[in-house]
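# Architecture at a glance
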Amino acid sequence: MNNNHIDAVTELPENFEELKKAVNRTASWRDRLNAVNELGQWDTAPTIKLLQHVMNGDSVFQVREAAYRKLKQLGENVQMPAKSKGELFKGLNKILLRIKKSLPEGHTFEEFKEKLQKTRSDIYDTYEGDKGAEFDSWLQAIWETPARK
């Protein structure tokens, strides 16, 4: 009996291991989104499992939503993930305050933003992906808030 037809469906993408790493790369929500879009082209148990993992656990709603849409296209029975409310990182305000206090008196917003990106790229990237176009105004509002002692 010839199973070539079945093999074609169950075949993993050649770069599956790379895509697996990319969906877990906390420093770039764009890399995770690209990996989700590529994984969504493969109807296999491992790719579906990986997409479900992303849909249920990624910190950026846009990435979770893309995984949901790909799973739906693949015929999976999934529910749209809820958008996270509140802090995406525990102790965010303390972390941002620490970064702010580490800069010299009279520093600019751009210096604060740059330091956040260099020291906590995971936080920067997650909130940039989550906030989208409002990211700069959200971050600036936090930066403008007087530091509490």
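Quick summary incoming for the structure in this document. Please read all numbers here as calculations on a predicted model, not as lab measurements. (Residues numbered from 1 in each chain as written. Predicted model: local features only at pLDDT ≥ 70, side-chain atom pairs only at ≥ 80, totals over all residues. Heavy atoms only, no water.)

Here we take up the overall build of the protein. In terms of helices and strands, the protein carries 9 helices and 0 strands. Going residue by residue from the N terminus, the α and β elements of the protein occur as α-α-α-α-α-α-α-α-α. A globule of 149 residues ought to have a C-alpha radius of gyration of about 15 Å, yet the protein, at 19 Å, is considerably larger. On the principal axes, the C-alpha backbone points of the protein span a range of 75 × 30 × 25 Å. Within the protein, the fraction of its 149 residues that count as buried is 39%. Across the protein, contacts joining residues at least 24 apart in sequence account for 54% of those joining residues at least 6 apart. Taking the 24 positively charged and 23 negatively charged side chains of the protein as two groups, their mean positions are separated by 9 Å. (Helix = DSSP H or I, 4+ residues; strand = E, 2+ residues; numbered from the N terminus. Rg over C-alpha atoms; globule rule 2.2 N^0.38 Å. Buried < 20%, exposed > 50% of the residue type's maximum accessible area, 1.4 Å probe, protein only. Contact = heavy atoms within 4.5 Å. Lys, Arg positive; Asp, Glu negative; His and termini not counted. Charge placed at Lys NZ, Arg CZ, Asp CG, Glu CD.)

Time to look at the pattern of salt bridges. Within this structure, the stated rule accounts for 8 salt bridges. With its nearest N and O atoms 2.6 Å apart, the salt bridge here joins D58 to R32. You can see D58 sitting in the loop between helix 4 (45-57) and helix 5 (61-73) and its partner R32 sitting in helix 3 (residues 29-39), a full 26 residues away along the chain. Residue D58 is classed as buried on the basis of its relative accessible area, which comes to 9%. Two residues, R69 and E65, come together in a salt bridge whose shortest N-O distance is 2.8 Å. Highlighted residues: R69 and E65, both in helix 5, separated by 4 residues, approximately one helical turn. Among the charged side chains, a network of salt bridges with common partners joins R32, D58 and D125. (Salt bridge = Lys/Arg side-chain N within 4 Å of Asp/Glu carboxyl O.)

In a soluble, globular protein the nonpolar side chains are often hidden away together inside. V23, V36, L39, L51 and V63 are the most contacted members of the largest nonpolar core, which totals 22 residues. Elements represented by at least two residues in this core include exactly helix 2 (16-23), helix 3, helix 4 and helix 5. Residues contacting V63, with those up to four places away along its chain left out, are W29, R32, L33, V36, V54 and D58. (Core = buried A, V, L, I, M, F, W, Y, C linked by side-chain atoms within 4.5 Å.)

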